[in-house]
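Residues per chain are reported as follows:
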Amino acid sequence: TSMDITLFTDPHLGTERQAHTTRASAKLLQTALYTAAMNVIQSSKLPVYCLGDLVDKANNNEATVLQAYNVGIACEGVLSGNHDETNREGVVTTLGALAEMGVRVCAAPDISTPYFDCFQSIYMVPHHASQELFEQGIRDAAQHAAETRDGLASYLMLHCNYDFTLAIEDNTLNLSRELAEEIGDAFDYIFIGHEHNGGTYLDGKVVV
């Protein structure tokens, strides 16, 4: 049995642009991003999930935190992306603060440890500190999904590139076609945020 959901990704709330812009136009951009995200949520009658990069950087001012809260609290789940996280120890990120405020955030308690979360039959693997850890989190999620399938459709949500090996050279991550095929039996669909050009792969199973 499948379920109907609404997905959106990469609102990058709090984005700051300083080159070739004015203070007023920079503010307009931040307002436009927030308005677009809220429009997705308010126009949907279905459960809504954000597939990463809710905010443009890990730490934000109060105005951006408030925007992120308003968007995040209306979502069934918010996945952490590479812009949401930091490698600095002891830093409370905006997503971490939102989780304390009641937003259902999927972020690794320690991005150096493989992690996944499960909202019923919706699996989320957040941003990790390395490609190896990320892939282990995906395999752990697939094993759990395969062992607990109860007739409901099972979805995997990621924030990464798809089948682009150069992605692992910076702070982004990658789902290879080989790994997608390996875990394919555990999930009906794999939904991916992060890439700015959408597409479908593996006969529609992978949706970017």
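Scroll up a little and you will see the structure.
Residues numbered from 1 in each chain as written. Predicted model: local features only at pLDDT ≥ 70, side-chain atom pairs only at ≥ 80, totals over all residues. Heavy atoms only, no water.

**Details of the environment of Ser121**
What counts here: Secondary structure is summarised from DSSP: a helix means a run of H or I of at least four residues, a strand means a run of E of at least two, and numbering begins at the N terminus for each. The contact criterion used is simple: two residues touch if any of their non-hydrogen atoms lie within 4.5 Å.
Inspection of the secondary structure assignment puts Ser121 in the loop between strand 5 (117-119) and strand 6 (122-124). Sequence spacing of Ser121 and Asp56 is 65 residues, and the spatial spacing of their C-alpha atoms is 28 Å. Beyond its immediate stretch of four places on either side in the chain, Ser121 contacts Met3, Leu152, Ala153, Ser154 and Tyr155.

**Describing the layout of surface pockets**
Put simply, the test is: A 1.4 Å probe that fits into a set of points on a 1 Å grid over the protein atoms alone but cannot get out defines a cavity; an open set with protein on both sides within 12 Å along at least five of seven lines defines a pocket, and lining residues are those with an atom within 4 Å of a point. Grid points are joined across faces, edges and corners, and a volume is the space filled by probe spheres set on the points. Throughout this entry, Asp, Glu, Lys and Arg are counted as charged residues, while Ala, Val, Leu, Ile, Met, Phe, Trp, Tyr, Cys and Pro are counted as nonpolar. The remaining residues, Gly among them, count as polar.
A volume near 480 Å³ is recorded for the largest pocket. For the largest pocket, the lining is made up of 22 residues, of which Glu85, Val91, Ala108, Pro109 and Asp110 are closest to its centre. For the lining of the largest pocket, a count of residues per class yields eleven nonpolar, six polar and five charged.

**Comments concerning unusual backbone geometry**
What counts, and what does not: Here's how the labels work: a residue is buried when its accessible area is under 20% of the maximum for its type, exposed when over 50%, partly exposed in between, all with a 1.4 Å probe on protein chains only.
Even without a glycine there, the phi angle at Asp10 is positive, about 55 degrees. Positionally, Asp10 belongs in the loop between strand 1 (6-8) and helix 1 (23-43). Under the relative-accessibility criterion, Asp10 is labelled buried at 14%.

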